[in-house]
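A look at the structure
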Amino acid sequence: MMPRLLLRAWPRGPAPVLGAPSRALSASSGPAEYLQHSIVPTMHYQDSLPRLPIPKLEDTMRRYLSAQKPLLDENQFRKTEEFCKSFENGAGKELHEHLLAQDKQNKHTSYISGPWFDMYLTARDSVVLNFNPFMAFNPDPKSEYNDQLTRATNMTVSAVRFLKTLRAGLLEPEVFHLNPAKSDTDTFKRLIRFVPSSLSWYGAYLVNAYPLDMSQYFRLFNSTRLPKPSRDELFTDAKARHLLVLRKGNFYVFDVLDQDGNIVSPSEIQAHLKYILSDNSPVPEFPLAYLTSENRDVWAELRQKLVHGGNEETLKKVDSAVFCLCLDDFPVKDVTHLSHTMLHGDGTNRWFDKSFNLIVAKDGTAAINFEHAWGDGVAVLRFFNEVFKDSTQTPAITPRSQPAATNSSVSVQKLSFKLSDAVKAGITTAKEKFDATMKTLTIDSIQFHRGGKEFLKKQKLSPDAVAQLAFQMAFLRQYGQTVATYESCSTAAFKHGRTETIRPASVFTKRCSEAFVKQPSKHSVGELQHMVAECSKYHGQLTKEAAMGQGFDRHLFALRYLATARGITLPDLYLDPAYGQINHNILSTSTLNSPAVSIGGFAPVVPDGFGIAYLVHDDWMGCNVSSYSGRNAREFLHCVQKCLEDVFDTLEGKAIKT
């Protein structure tokens, strides 16, 4: 099974630039229509972005074998080496040449874009747990603004401001600045806007700035993944002006943009949300939202029944809505409850097919759960950061704001669906499956407060490398082995880039883990420190290669996809048990870097795996881990904690406590 939960934003470094300074806004003046007024058009760099390189076949084989080395015994490794030689000189060479030729004929995109969309859209598993991750917002710093109605209104207005800013081309382009003193300045922006789009990337490159691909952004809004037999479709209707709101499994819509495309006044949006929150309707006997958690072919068939049963126009309102706002009727109890609520909930109050669900709990705790086929972490994280910044720094309403005196019973439409007996039976089955699956999922988290980025960087170590090393050590401590590990890395530095895989399990992490876990007394503190440094150096190399499109996973995936598309018998390399094993990612890991995120999470990508979402802050580290019945997330986290303690002891020159 392909790992699919891809949260890492490219590249490691400062949080994305959030654009122009906010403008002060009085609650009575109505919202500014735009978040920012970038003097450089949003898509200014898109045409001149470099193309995602296809690695040399010999480099891919070398990297693949390096990643296999810690996972295989000598006999297995020799067999895999033979498969690689045969592939490189035979079928692989031919497929690689076809891939290069195909890529030359499709200069408007990347070699991975089509196959990657297909991978997502042809998968028949439920999108819940298998695909959709979540990211939770930090609370509003002003505690009184965390009231559910206030926060839902402010976040909705900020989200629609983002939509308008994006579509007007006024959103700051997404750029990674290596030297912001030169490139993130008004002087540079005033110059670069006059450079033609076909050349603008090169102008940015000259001052060490790297514009990122923004081709996915248009799918943020008015978009839904539609279930279809064999292959789903991505649907977008940019003309729709209404918001979809779910509460207690009931569906409501109202316009958030008027006929001229202006944002409806925040006091009206507040009034409509207050009206929905005051509706006493119970949860429907057959909550339709369960169907979005079904197997995609099952859901496709049931959706056809819904369409034929007279629900086509109602479903269109769901599909075309600007986004889905989910208002939950309970507060969040703790971090574990937050993760379960935002990752899957009870199945009644999410439309998992929407590009994203903005979830606001009774106590104002908020998160985004997003469908993954349309895009990756970069677009979602930018949206997330901007909404948090705008809703907290220039909120559209205050807790004392009065809702508009408007007739919400006319403006808000409650959607009703005609359900046949077959659809009702389908909902009942979907609920049973959903409940049974969720019972097998455990989520737990830790915070490690002995240090974070600042301490590790003083030791000249990569913070990410140390976190990944701790995961390797922890699994060895708990289960006595080194296993396939996946860390996602964005390739948004390239046109239509998606992601590449960093393979954190290496001969260096294996040697270091065994020294720390199995025989710490046999090594001096200096020797252990040297091993950690080796791991960090190699992990840094892998990270740079992945971000520059020089991993091996996507290349091998594209060659396999091409073989299947051309009806060629799969080369032996892909039938080698070692290939299956390295793609059975028992440790699926992902991180991101944002001051707006409190926690993120996703499910394991294999039944016997862990889903590891982690954050490395300046002075602490957080880790949120999920597992199914066959593994123990809590025990794994205890091991992670112990391993981090051992590494920090070693770095401080202390002996490891046994």
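Residues numbered from 1 in each chain as written. Predicted model: local features only at pLDDT ≥ 70, side-chain atom pairs only at ≥ 80, totals over all residues. Heavy atoms only, no water.

**Description of the overall build of the protein chain**
This is how it is decided: Under the DSSP-based scheme used, a helix requires at least four consecutive residues in state H or I and a strand at least two consecutive residues in state E, with every element numbered from the N terminus. Only C-alpha atoms enter the radius of gyration, while the globule expectation follows 2.2 Å times N to the 0.38, with N the number of residues. Three exposure classes are used, based on accessible area relative to the maximum for each residue type with a 1.4 Å probe and protein chains only: buried under 20%, partly exposed in between, and exposed over 50%. What makes two residues a contact is simply this: any of their non-hydrogen atoms within 4.5 Å. Residue-level accessible areas treat just the shown protein chains as cover; the underlying method is Shrake-Rupley with a 1.4 Å probe.
Looking only at helices and strands, the protein chain has 22 helices and 18 strands in total. Compactness check: the protein chain gives a C-alpha radius of gyration of 25 Å against a globular reference of 26 Å for 658 residues, within 12% of the reference. C-alpha extents for the protein chain along the principal axes are approximately 75 × 60 × 55 Å. Relative to its 658 residues, the protein chain shows a buried fraction of 60%. Of all intrachain contacts in the protein chain linking residues separated by at least 6 positions in sequence, the fraction that spans at least 24 positions is 79%. Approximately 25,500 Å² of the protein chain is accessible, and the part contributed by carbon and sulfur atoms is 53%.

**Things to note about helix 9 (residues 266-277)**
Heads up, the rule is: For a helix, the expected span equals 1.5 Å multiplied by the number of residues minus one.
Across its 12 residues, helix 9 extends 16 Å between first and last C-alpha, which sits within 8% of the 16 Å expected from 1.5 Å per residue. Looking at the buried residues of helix 9, the elements they touch are helix 5 (148-167), strand 6 (242-247), strand 7 (250-255), strand 8 (324-327) and helix 13 (408-411).

**Let's talk about the sheet that holds strand 11 (residues 413-415)**
Using the following cut-off: The pairing criterion for strands is at least two bridges between them, as found by DSSP. Axes, fitted as lines to C-alpha atoms, cover a helix only where it is in contact. Angles between the N-to-C directions of the axes lie from 0 to 180 degrees.
The strand order 11-7-6-8-9-10-1-16 describes an open sheet built from eight strands, whose pairing is mixed. Each edge of the open sheet is held by one strand with a lone partner, namely strand 11 and strand 16 (597-601). Direction aside, neighbouring strands of the sheet carry axes that sit 25° apart on average. For strand 7 and strand 11, the ladder comprises three bridges, and the chain directions are antiparallel. Looking across to strand 11, one finds that Y252 is bridged to K414.

**Some points on the packing of helix 3 (residues 91-104) against helix 19 (residues 553-565)**
Worth spelling out the cut-off: For classification purposes, an angle smaller than 35 degrees is called roughly parallel, one larger than 145 roughly antiparallel, one from 65 to 115 roughly perpendicular, and anything else oblique. As a working rule, the residues Ala, Val, Leu, Ile, Met, Phe, Trp, Tyr, Cys and Pro are called nonpolar, Asp, Glu, Lys and Arg charged, and the rest polar, with Gly in that last group.
Two numbers describe how helix 3 lies on helix 19: the axes approach to 10 Å, and their chain directions differ by 95°. The angle between helix 3 and helix 19 falls in the class roughly perpendicular. Note on element contacts: helix 19 touches helix 3 through H555, A558, L559, L562 and A563, opposite L95, H96, H98, L99 and Q102. Taken together, the residues of the contact of helix 3 with helix 19 sort by class into six nonpolar, four polar and no charged.

**A closer look at the packing of aromatic side chains**
Heads up, the condition is: Put simply, two rings from Phe, Tyr or Trp (the six-membered ring, in Trp's case) pair if the centres are within 6.5 Å, and we call them stacked under 30 degrees between planes, edge-to-face over 60, tilted for the rest. Geometrically, a charge over a ring is one whose NZ (Lys) or CZ (Arg) sits within 6 Å of the ring centre while staying within 35 degrees of the ring normal.
Evaluation of the coordinates by the stated rule reveals 30 aromatic pairs. With 4.9 Å between their ring centres and 65° between their planes, F448 and F648 make a pair best called edge-to-face. A residue pair is termed long-range when its members are at least 10 positions apart, and F448 in strand 12 (residues 442-448) and F648 in helix 22 (residues 633-651) qualify at 200 residues. Neither residue differs from the other here; F448 and F648 are each classed as buried. Seen from the ring of F77, K69 lies directly overhead, with NZ or CZ sitting 4.4 Å from the centre.

**Topic: the pairing of strand 16**
The buried count for strand 16 comes to four of five residues, which makes it a mostly enclosed element. By the bridge criterion, four bridges tie strand 1 (residues 134-137) to strand 16 in an arrangement that is antiparallel. Bridge pairing links F134 to G601 in strand 16.

**Re the side chain of Q270**
Following the sequence through the fold, Q270 ends up in helix 9. When neighbours within four sequence positions are excluded, Q270 is seen to be in contact with L149, T153, I397, S401, Q402 and P403.

**Focus: the pattern of salt bridges**
Under the convention used in this document: Salt bridge criterion: a side-chain nitrogen from Lys or Arg within 4 Å of a carboxyl oxygen from Asp or Glu.
Tallied over the full model, the rule gives 40 salt bridges. The partner of K433 in a salt bridge is E294, with the nearest N and O atoms 2.9 Å apart. One end of the pair, K433, is in helix 14 (residues 421-439); the other, E294, is in the loop between helix 9 and helix 10 (296-320), and 139 residues separate them in sequence. Between R450 and E652 there is a salt bridge, and its shortest N-O distance comes to 2.8 Å.

**Thoughts on the environment of F508**
With respect to the element layout, F508 can be found in helix 17 (residues 507-518). Taking the C-alpha atoms as reference points, F508 and F471, 37 residues apart in sequence, are found 14 Å from one another. When sequence neighbours within four positions are dropped, the list of residues in contact with F508 reads E534, C535 and Y538.

**Structural notes on the confidence of the model for the protein chain**
Condition: The quantity called pLDDT is the predictor's confidence in a given residue, expressed from 0 to 100.
On average, the protein chain scores 94 in pLDDT, and the residues at 70 or more come to 95%. Confidence drops under pLDDT 50 across residues 1-30; counting only partners more than four residues distant or on other chains, this segment forms 118 contacts.

**Structural notes on the sheet that holds strand 12**
The strand order across the open sheet built from six strands is 12-18-17-15-13-14, with neighbouring strands paired in mixed fashion. Of all the strands in the sheet, the pair left with one neighbour each is strand 12 and strand 14 (499-502). Each adjacent strand pair in this sheet contributes to an overall mean axis angle of 25°, direction not counted. Pairing geometry for strand 15 (residues 587-591) and strand 17 (residues 610-616), over five bridges, is parallel. Looking at the pairing, L587 lines up with F610 of strand 17. Strand contacts of helix 19: strand 13 (485-490) and strand 14, with the helix running at about 120° to strand 14, the strand carrying the most contacts.

**Observations concerning the pairing of strand 5 (residues 233-236)**
Here strand 4 (residues 223-226) pairs with strand 5 via four bridges, running antiparallel. Counterpart to S223 in the pairing with strand 5 is T236. Two successive antiparallel strands, strand 4 and strand 5, enclose a turn made up of six residues, where S230 displays a positive phi of approximately 75°.

**Remarks on unusual backbone geometry**
In the Ramachandran plot, S230 falls in the positive-phi region, its phi being about 75° despite a non-glycine side chain. The residue S230 is located in the loop between strand 4 and strand 5 in this model. A relative accessible area of 52% means that S230 is categorised as exposed. The backbone of K460 sits at a positive phi, close to 60°, despite the residue not being glycine.

**Some thoughts on helix 3**
Note the threshold: To be clear, the arc concerns the directions from the helix axis to the C-beta atoms.
For helix 3, built from 14 residues, the straight-helix expectation of 20 Å at 1.5 Å per residue is met to within 8% by its first-to-last C-alpha distance of 20 Å. Within helix 3 the residues assigned to the buried category are G92, L95, H96, L99 and D103. Relative to the axis of helix 3, the buried residues are bounded by an arc of 105° and lie together on one face.

**Some remarks on the side chain of Q468**
By the secondary structure assignment, Q468 is in helix 16 (residues 463-479). The contact partners of Q468, leaving out residues within four places of it in the chain, are T485, E487, P504, H539, T589 and Y614.

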